[in-house]
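Residue-level structure breakdown
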Amino acid sequence: MKKKINKNKLIILVSTLVLLIIIVAGVSNLAYRLHKKNNKTDKVEEKLNMEKEAKELLYNNFIIGYMLEDDVETGEGELVIDGDPTVYYAVTDPLLKDIHTLEDINNLIDENLNDLTAVRVNKLMKSDYANKYVSNGKTLYVSKTNNGCAVSPFGLIDKDKIEYSNYEGNIYAIYNNVPYQVQYDDNQKLKARALWFKCSEALSYTNTGLEDVYDPGNIPEDVQQIMDNRVTDTTTEKVENGEN
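It should be emphasised that the depicted structure is a prediction, and the values quoted were computed from it without experimental measurement. (Residues numbered from 1 in each chain as written. Predicted model: local features only at pLDDT ≥ 70, side-chain atom pairs only at ≥ 80, totals over all residues. Heavy atoms only, no water.)

Applying the stated criterion across every chain, the model contains seven aromatic pairs. Seen from their ring centres, phenylalanine 62 and tyrosine 66 are 5.7 Å apart, and the 45° between their planes marks the pair as tilted. With phenylalanine 62 and tyrosine 66 both in helix α1 (residues 2-69) and four residues apart, the pair spans about one turn of that helix. With respect to class, phenylalanine 62 is no different from tyrosine 66; both count as buried. (Phe/Tyr/Trp six-rings, centres within 6.5 Å; stacked < 30°, edge-to-face > 60°. Helix = DSSP H or I, 4+ residues; strand = E, 2+ residues; numbered from the N terminus. Buried < 20%, exposed > 50% of the residue type's maximum accessible area, 1.4 Å probe, protein only.)

To continue, consider the environment of proline 216. Residue position: proline 216 is located in the loop between β8 (190-192) and α4 (221-240). Along the primary structure proline 216 and alanine 202 are separated by 14 residues, whereas in three dimensions their C-alpha atoms are 5.2 Å apart. With residues near it in sequence (within four places) discarded, proline 216 still touches Tyr129, Ser200 and Ala202. (Contact = heavy atoms within 4.5 Å.)

Our next topic: the sheet that holds strand β1 (residues 74-80). With antiparallel pairing, the four strands of this open sheet are ordered in space as β1-β2-β4-β3. Since the sheet does not close on itself, it has two edges, and those belong to β1 and β3 (132-136), each with one partner. Going from strand to strand, the sheet's axes swing by 40° on average, the running direction of each strand aside. The pairing of β3 with strand β4 (residues 139-143) spans five bridges and is classified as antiparallel. Paired with serine 135 across the two strands is leucine 140, which belongs to β4. (Pairing = 2+ DSSP bridges. Axes fitted to C-alpha atoms, helices over the stretch in contact; angles between N-to-C directions.)

Right, let's talk about the state of the cysteines for a bit. Applying the stated criterion across every chain, the model contains one disulfide. Linked covalently through their sulfurs, cysteine 149 and cysteine 199 form a disulfide whose S-S length is 1.4 Å. With the S-S bond torsion at 100°, the cross-link from cysteine 149 to cysteine 199 turns out right-handed. In this pair, cysteine 149 is assigned in the loop between β4 and β5 (163-167) and cysteine 199 in the loop between β8 and α4, connecting sequence segments 50 residues apart. (Disulfide = S-S within 2.5 Å.)

Taken together, four strands build an open sheet; the order of strands is β5-β6-β7-β8 and the sheet is antiparallel. With one partner strand each, in any of the chains shown, β5 and β8 form the two edges of the open sheet. Each adjacent strand pair in this sheet contributes to an overall mean axis angle of 40°, direction not counted. Relative to strand β6 (residues 170-175), β5 is paired through five bridges, and the arrangement is antiparallel. The residue bridging glutamate 163 from the neighbouring strand is isoleucine 174, located in β6.

On to unusual backbone geometry, then. For glutamate 168, which is not a glycine, the phi torsion comes out positive at approximately 50°. By the secondary structure assignment, glutamate 168 is in the loop between β5 and β6. Positive phi, normally seen in glycine, also occurs at asparagine 177, with a value near 70°. Locating asparagine 177 in the fold gives a position in the loop between β6 and β7 (178-184). A relative accessible area of 70% places asparagine 177 in the exposed class.

The subject of this paragraph is the pairing of β1. Note: β1 against strand β2 (residues 87-91), four bridges, orientation antiparallel. Note that in β2 the partner of valine 80 across the bridge is valine 87. Between β1 and β2, which pair antiparallel and follow one another directly, the connecting turn spans six residues, one of which, glycine 83, has a positive phi of 85°.

Scored by pLDDT, the protein chain comes out at a mean of 85, with 84% of its residues at no less than 70. Predicted confidence for residues 234-242 stays below pLDDT 50, and this span has four contacts to residues more than four positions away or in other chains. (pLDDT = per-residue confidence, 0-100.)

What follows deals with the nonpolar core. Core analysis: the biggest nonpolar cluster contains 45 residues, and Leu96, Val121 and Tyr133 have the highest contact counts within it. Secondary structure elements with two or more residues in this core: α1, α2 (102-112), α3 (115-125), β4, β6, β7 and β8. If you tally residues by element for this core, the top one is α1, at 11 residues. The residues contacting valine 121, other than those within four sequence positions of it, are Ile64, Leu68, Ile109, Leu113, Leu195 and Leu203. Counting five residues, the second largest nonpolar core, distinct from the first, contains Tyr88, Ala90, Val134 and Tyr141. (Core = buried A, V, L, I, M, F, W, Y, C linked by side-chain atoms within 4.5 Å.)

Listed below in structure tokens is the structure:
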């Protein structure tokens, strides 16, 4: 009788262990599947965030260039500062509807351009070759440069038409089939290495020392030669097509 009881206990113990193993295995499998699913979800969200940031970056790059050198739309409001002969006009441009103060401008530059490019852009802002801004309350005012130009070869950038590509680890925002590469900075934030939408080639070669200033003539000879050839080729093409 005693042996029978011990045998029954053994059967119960083994059954309990088997059941416990099955439960543990099931829980582990479920945990693995949930972890795998969460990782997959995280990667999808990461890709979507990266895509959104890259597209925003390209559009904001255009807004910065447009704001600095293009023909910004203004209204009738005027602002005159004591001791400053400059007359500033209220900005009514819908492209700049989210920009109200100088702090907004600086934040836009710092958040979208890498440090080196941001320094160069700030030097351009302090020159006579860029639109100058002041703000009063939540109203932005501008004194437009006499050297204004259309900064985009595509006209106004349609944000909805910006595309995205991640090719071999290189991240691109693409507009009108033109790829613009973006990179992570030290804080793991996507930034542009250049102001893509601009008129002056000199900006990319502006020295960044404390005493350095923006000089539109500061263009390397080889770059200037390429630019001159480009103008010559364009003029020749127009003549051949009977446009002149």
